[in-house]
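Residue-level structural notes
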Amino acid sequence: VNTYKNALLQFLQAFPHKNPEEITPKEIEAFINQKVTQENISASYQKTLVGAIKFLYCEVLGKNYKLNYLYPDRREYKLPDILSKEEVQKILEACSNIKHKAILATVYGCGLRLSEVLNLKIADIDSKRMLLKIVQSKGNQDRYVPLPHNLLELLREYYKMYLPKVYLFEGEKGGRYAARSVQNILKKSLMKAGIKKSVSVHTLRHTYATHLLEQGTDIRIIQKLLGHKNLKTTQMYSHISSSLIVQVRSPLESIRF
């Protein structure tokens, strides 16, 4: 609701002296074209603007405007920033609180989504088989991921200090830990570590997958570990793996000059 409201505000401000019902489809087209060509808006924002305008005219004002052609025909493909192992180590070393360190180490060490780490329960840890069970994640599917030995030791130390009852990571009053708190933990750790890349909690998951690929893990195994339904989603990491990139020889190397 807020997204559409803000998008419509942008649209209506472009026609300050017109009643919305007087704005023609050609004028709507010109508005979108100006946003794309002159203001260089992203494809995702273009999609939002068109969706909001279409909702206003077709659903609210009852006009049968044909606006689907204004949706972007370009797909944005931005490669996510990836951390090196040294940068991951700096981030974890910057965590003076063992609980904070355990949360970030679990996200990176097991390649979890933020929602997955927050939903982890103590019962999901299988220390005998060294596995972590991810229950009813995206797509309502369970999966197992390997549990690193050093992460298990860290989690045991953390458990002795905090004694969580149900969830592996709980708030001060019990219950699941807050997503915003995890984001703040990472933000502070990045500042302490002096890392200025554009990094989110999800970056740690991207980094996990990329590092697995760089150490020779089959991409179909990575697909299973990440819980991707489609292999194409996982294949993104082949585009950002530095070890694969540096193996490519430029044709310039075969030329003497």
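In this report, the structure presented in the accompanying data block is examined. Keep in mind that what you see is a predicted model, and the values were worked out from it rather than measured.

Before going further, it helps to spend a moment on the layout of surface pockets. Quantified by volume, the largest pocket comes out at close to 330 Å³. Forming the walls of the largest pocket are 13 residues, and the residues nearest its centre are Leu 92, Ala 105, Tyr 108, Asn 150 and Leu 151. Of all the secondary-structure elements, those providing two or more residues to the lining of the largest pocket are α4 (85-93), α5 (98-110) and α7 (149-162). Among the elements that make up the lining of the largest pocket, the one with the highest residue count is α4 (five residues). Here the residues of the lining of the largest pocket are counted per class, giving seven nonpolar, three polar and three charged.

Here we take up the pairing of strand β2 (residues 131-134). Within a regular beta strand, the side chains point alternately toward one face of the sheet and then the other, so they alternate between its two faces. With two bridges connecting them, strand β1 (residues 125-126) and β2 associate as antiparallel partners. Considered in β2, the bridge of Ile 125 is made with Leu 132. What sits between β1 and β2 in their antiparallel hairpin is a turn of four residues, with Met 130 showing a positive phi close to 55 degrees. Note that β2 and strand β3 (residues 143-146) share four bridges and pair antiparallel.

The subject of this paragraph is the side chain of Glu 170. Tracing the backbone through its elements, the reader meets Glu 170 in the loop between α7 and α8 (179-193). Residues in contact with Glu 170, not counting those within four places in the same chain, are Lys 99, Tyr 158, Pro 164, Lys 165, Gly 175, Arg 176 and Tyr 177.

Helix length check: helix α2 (residues 25-37), at 13 residues, gives a terminal C-alpha distance of 18 Å against a target of 18 Å (1.5 Å per residue), a fit within 8%. Turning to α2, its buried residues are Ile 28, Phe 31, Ile 32 and Lys 35. In a view along the axis of α2, the buried residues occupy a sector of 95 degrees, so they form one face of it. Opposite the buried face of α2, at more than 90 degrees from it, the exposed residues are Lys 26 and Thr 37. Buried residues belonging to α2 abut α1 (2-13) and α3 (43-60).

Let's shift gears to the environment of Tyr 57. Summarising the element assignment, Tyr 57 is placed in helix α3. The spatial distance from the C-alpha of Tyr 57 to the C-alpha of Pro 25 is 9.9 Å, given a sequence separation of 32 residues. Dropping the residues within four chain positions of it, Tyr 57 is found in contact with Phe 11, Pro 20, Ile 23, Ile 28, Gly 62, Lys 63 and Tyr 65.

About the criteria used
Residues numbered from 1 in each chain as written. Predicted model: local features only at pLDDT ≥ 70, side-chain atom pairs only at ≥ 80, totals over all residues. Heavy atoms only, no water. 1 Å grid on protein atoms, 1.4 Å probe; cavity = no way out; pocket = protein on both sides within 12 Å on 5 of 7 lines; lining within 4 Å. Points joined across faces, edges and corners; volume = space filled by probe spheres on them. Helix = DSSP H or I, 4+ residues; strand = E, 2+ residues; numbered from the N terminus. Nonpolar A, V, L, I, M, F, W, Y, C, P; charged D, E, K, R; others polar. Pairing = 2+ DSSP bridges. Contact = heavy atoms within 4.5 Å. Expected span 1.5 Å × (residues − 1). Buried < 20%, exposed > 50% of the residue type's maximum accessible area, 1.4 Å probe, protein only. Arc of directions from axis to C-beta.

Function-wise, these values are silent; they only describe arrangement.
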